[in-house]
Amino acid sequence: MPKTDVKIRKACIDLELVYRCSDECRADSFETIGHKLVPLLLKITKHCANGSIKHSPEMIIKRTVKILGYFALLENARAALVQHPGLLDTLIKVINSDVSMTSRIDSIWMIANLAFTDSLRGEIAQHPCLISTLMCASYEKNKEISSETAAAFMNLSAATENRSLMANNSELVRILCFLVTEGGDARSRATGTLKNLASAPENRERLLSYDNAIILDALAHTAVDTTDDKAAFRASGALKNFVCSETAPFLCQHRVFFATLEKVINEEVKVKPKVVADSCLMLKGLSEGVSVRNIPLSSFNKVATLLVRLHRQLPSYDMLVAESLSHLVKTENNAIPLVAIPEFVNMIANLMMHKEAKIRETTTKVVLILSNPKANRGKIGTNHLILEGLKEQFSPRGRQNDDQSKLALQIVECLASERENLVEMGEQSGFLENIIAYARELNREYRSEILDLSSAIISTMKPTSEMLQNRNESYDSVDATHIDDRTHLVPTEPDIVSNPAASIVLRRKAELENTSAAMKPMLAQPKSKLGSFLKEKDDLDLAERDDKEIEEKEYVDEIEDSMSVAFTTA
């Protein structure tokens, strides 16, 4: 028998040296004699593991496992190996033996390589003893074994069908969290496994419920580790996979998780751009699932404040900020707390004037929703940056997007319900002029709305001393006998007090329409800045105006008359 063992040892050594050849030669050999060689190698390996071979079992088992490992590197050979009766059982037997540490490591390495083929992962994971054997091996204080078992877990978790099976194994989750704290390849591979498991929606709550969400602590610390980029990338990816509308309320209140987001976005740690991008996506994901109804107000304010900081620190993510805001305002109860956040209104004002049209459009919709609650209108409507952004929507560039300009008009009409906002609109340089210029391009339906709005703004305006002087000079030049006070536009003062946007009524309109031109009274025209602006525009168009331009002139005349009365009553 010893002589037989010596012959087996010599044959295995020689054969292992032969199979150190190229993959092409190995593939040819496996295709030709593999079906006979593999059973023979497995038989010799079993004899070594159970002690049947007495002479140099360690040297022999090293060679047989190594040859099988060479075959496992061949993509076309893996299916035949896995389906071969007894192969996985033999590898498990070697892992549980103490004949050779090298053979144990190589057996785990071979399983990891076999699991590299997606179609085989389910069959491998379903073996009754394989995962438990790998878990037991992971407890050993051996870096190579830890590294290879982590690689096997990561490759097996890449199959969708294995993720629930593995995530429901609490002991496996604990081992993975332990491996994440280890150094070397084991750390990045265990992190990759958790990333794969968290990508299945049905696993997220289960994984987070394990041991007070210890998995978040392990991943959060790894994500900001600047010494291991591969582990950091996989950790940030795993954390990103955990974020969804269902888990957002829990994650917002997890101290370590949210503190890590704050560190990355506030640039307190120097991490790679991929980790920053993942962190920003996590913040957006949180915005989709939180409201003042499902988390404390303090936690909600932290999310909104972090969006403000993201806008300030990383302007390249402004589109993501705008999209996050659009998710937050979908819940009606969120509107008032959002506007109360310091610098929040200034942020949305800046986004309204962004150079990218999509960001401007998204933010304009957000501002419209935020303006609905009466409590918000004063904070929004008195902000000069907001008014400047609205003014830009009515500028020639802003009017290129008609839908966006109409949204801006809705915001102005909403804010105009507060008198203090009307005062700010009147004082905002160019605001009223841009609105009137925009009105020229609209049909009568929208013109009437802007007439009411302009009249309400004008009713709050105080004429300057120059305007008063010009007005007096203008009125002094007109024969008082031709002026009939009944023909003036008279504001309905009770309506203006209760509703500043109330329309201006025209007295004796029917009478004037039936009066000849010679008999119509002459109305004094104030020499206001706005009046000059409109008069100059009319003079340019007068020579070649068509029917549509005549209508525009009549509309502008109505606004000038209302301005005249407002200055007179003032």
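Residues numbered from 1 in each chain as written. Predicted model: local features only at pLDDT ≥ 70, side-chain atom pairs only at ≥ 80, totals over all residues. Heavy atoms only, no water.

Student: So what exactly am I meant to see when it comes to the overall build of the protein here?
Tutor: Across its full length, the protein carries 34 helices and 2 strands. A total accessible area of about 26,900 Å² is found for the protein, and carbon and sulfur atoms account for 51% of it. (Helix = DSSP H or I, 4+ residues; strand = E, 2+ residues; numbered from the N terminus. Areas by Shrake-Rupley, 256 points an atom, 1.4 Å probe, with all protein chains shown as cover.)

Student: What is the right way to read the nonpolar core from this model?
Tutor: The tendency in soluble globular proteins is for nonpolar side chains to be buried as a group. Residues Phe71, Leu370 and Leu390 are the most contacted members of the largest nonpolar core, which totals 140 residues. Each residue touching phenylalanine 71, except ones within four places of it in the same chain, is listed here: Tyr19, Arg26, Phe30, Leu37, Val38, Leu41, Ala77 and Leu81. Counting residues in hydrophobic clusters, the runner-up holds 9 residues, among them Cys48, Ala49, Ile53 and Ile60. (Core = buried A, V, L, I, M, F, W, Y, C linked by side-chain atoms within 4.5 Å. Buried < 20%, exposed > 50% of the residue type's maximum accessible area, 1.4 Å probe, protein only. Contact = heavy atoms within 4.5 Å.)

Student: So what exactly am I meant to see when it comes to the packing of helix H2 (residues 23-50) against helix H3 (residues 57-72) here?
Tutor: Each pair of packed helices can be described by the angle between their axes along with the distance between the axes. At a closest axis distance of 9 Å, the pairing of H2 and H3 adopts a crossing angle of 145°. Of the two elements, H2 crosses H3, and the hand of that crossing is left-handed. Between H2 and H3, the residues in contact are Arg26, Phe30, Leu37, Val38, Leu41, Leu42, Ile44, Thr45, Cys48 and Ala49 and Pro57, Ile60, Ile61, Thr64, Val65, Ile67, Leu68, Tyr70 and Phe71, respectively. Grouping the constituent residues of the contact of H2 with H3 by class yields 16 nonpolar, 2 polar and 1 charged. (Axes fitted to C-alpha atoms, helices over the stretch in contact; angles between N-to-C directions. Left-handed = near helix turned anticlockwise from the far one by under 90°. Nonpolar A, V, L, I, M, F, W, Y, C, P; charged D, E, K, R; others polar.)

Student: Before we go on, may I ask you to explain the packing of aromatic side chains in this structure?
Tutor: Here a ring pair, both rings aromatic, is described through the centre-centre distance and the interplanar angle of the planes. With the rule as written, the count across this model stands at 3 aromatic pairs. Summarising the aromatic geometry, the rings of tyrosine 19 and phenylalanine 71 are spaced 5.1 Å apart at their centres and angled 80° between planes, so their arrangement reads as edge-to-face. One end of the pair, tyrosine 19, is in the loop between helix H1 (2-18) and H2; the other, phenylalanine 71, is in helix H3, with 52 residues separating them in the sequence. Of the two residues, tyrosine 19 and phenylalanine 71, both sit in the buried class. Plain terms: the ring middles of phenylalanine 394 and tyrosine 438 are 5.3 Å apart, the flat faces sit at 35° to each other, and that makes the pair tilted. Of the two residues, phenylalanine 394 sits in the loop between helix H25 (384-393) and helix H26 (402-415) while tyrosine 438 sits in helix H28 (residues 431-439), which places them 44 residues apart along the sequence. Members of the aromatic cluster, each reached through a chain of ring pairs, are Tyr19, Phe30 and Phe71. (Phe/Tyr/Trp six-rings, centres within 6.5 Å; stacked < 30°, edge-to-face > 60°.)

Student: Just to check I follow, could you spell out the pattern of salt bridges for this structure?
Tutor: Charged atoms that come close allow side chains of opposite charge to pair. Tallied over the full model, the rule gives 18 salt bridges. Through salt bridges with shared partners, one network takes in Lys240, Lys274 and Asp278. (Salt bridge = Lys/Arg side-chain N within 4 Å of Asp/Glu carboxyl O.)

Student: I tried to follow the packing of helix H4 (residues 75-82) against helix H6 (residues 101-114) on my own but got confused; where do I start?
Tutor: Following both chains from N to C, one finds H4 and H6 inclined at 110°, their axes separated by 10 Å at the closest point. On the basis of their axis angle, the class for H4 and H6 is roughly perpendicular. Judged by the sense of rotation from one axis to the other, the crossing of H4 with H6 is left-handed. Contact residues: H4 offers Arg78, Leu81 and Val82, while H6 offers Met110, Asn113 and Leu114. Taken together, the residues of the contact of H4 with H6 break down into 4 nonpolar, 1 polar and 1 charged. (Parallel < 35°, antiparallel > 145°, perpendicular 65-115°, else oblique.)

Student: When you look at the side chain of serine 97 in this model, what are you seeing that I'm missing?
Tutor: Positionally, serine 97 belongs in the loop between helix H5 (87-96) and H6. Take serine 97: its relative accessible area is 11%, and that puts it in the buried class. Beyond its immediate sequence surroundings of up to four residues, serine 97 is in contact with Ala49 and Arg104.

Student: Honestly, H25 in this entry has me stumped. Any pointers?
Tutor: Residues spaced three or four apart along an α-helix point in a common direction, a consequence of the helix completing one turn every 3.6 residues. Of all the residues in H25, the buried ones are Ile386, Leu387, Gly389, Leu390, Lys391 and Gln393. On its buried face, H25 sits against helix H22 (344-352), helix H23 (357-370), helix H24 (374-381), H26, helix H27 (419-427) and H28. Where H25 begins, the capping side chain belongs to asparagine 383, and its oxygen is found 2.9 Å from the backbone nitrogen of leucine 385. (Polar contact = N/O pair within 3.5 Å; in protein donor to acceptor, adjacent residues only side chain to side chain.)

Student: What should I look at first to understand H4 in this one?
Tutor: For H4, the full list of buried residues reads Ala77, Arg78, Leu81 and Val82. One side of H4 carries all its buried residues, which in axial view fall inside an arc of 130°. As for H4, its buried residues are in contact with H2, H3, H5, H6 and helix H7 (118-125). (Arc of directions from axis to C-beta.)

Student: Sorry, what's going on with the environment of histidine 254 here?
Tutor: Here histidine 254 shows up in the loop between helix H16 (248-252) and helix H17 (255-265). With 37 residues separating them in the primary sequence, histidine 254 and aspartate 217 have C-alpha atoms 9.3 Å apart. Filtering out sequence-adjacent residues up to four positions away, histidine 254 remains in contact with Asn212, Ala213, Leu216 and Asp217. Here phenylalanine 257 takes part through its backbone nitrogen, which lies 3.1 Å from a polar atom of the side chain of histidine 254.

Student: What should I look at first to understand unusual backbone geometry in this one?
Tutor: Keep in mind that most residues, glycine aside, have a negative phi and that most peptide bonds are trans. Residues other than glycine seldom take positive phi values, yet aspartate 211 does so here, at roughly 50°. For aspartate 211, the position within the fold is in the loop between helix H13 (204-208) and helix H14 (214-223). The phi dihedral of glutamate 343 is positive, around 70°, even though this residue is not glycine.

Student: Hey, could you run me through the confidence of the model for the protein in this one?
Tutor: Interpretation of the predicted coordinates at a detailed level should be avoided for regions scoring low in pLDDT. Model confidence for the protein is summarised by a mean pLDDT of 84, while 80% of its residues fall at 70 or above. Element-level mean pLDDT values for the protein span from 36 in strand E2 (residues 505-506) up to 97 in helix H20 (residues 318-328). Every residue in residues 540-546 scores below 50 in pLDDT, and together they form 4 contacts with partners more than four places removed in sequence or on other chains. (pLDDT = per-residue confidence, 0-100.)

Student: Could you clarify how one ought to interpret the side chain of serine 138 in this entry?
Tutor: With respect to the helices, strands and loops of the structure, serine 138 is situated in helix H8 (residues 130-138). By relative accessible area, serine 138 is classed as buried at 2%. If sequence neighbours within four positions are ignored, serine 138 has contacts with Ser146, Thr149, Phe153 and Ile175.

Student: I tried to follow the environment of lysine 46 on my own but got confused; where do I start?
Tutor: Looking at where lysine 46 falls in the secondary structure, it is placed in helix H2. Given the relative accessible area of 38%, lysine 46 is considered partly exposed. Lysine 46 sits 45 residues away from leucine 91 along the chain, and the two C-alpha atoms are 9.0 Å apart.

Student: What is the right way to read the environment of glycine 51 from this model?
Tutor: Residue placement: glycine 51 occurs in the loop between H2 and H3. Under the relative-accessibility criterion, glycine 51 is labelled partly exposed at 27%. Each C-alpha atom, one on glycine 51 and one on valine 99, is 8.5 Å from the other, the two residues being 48 residues apart in sequence.

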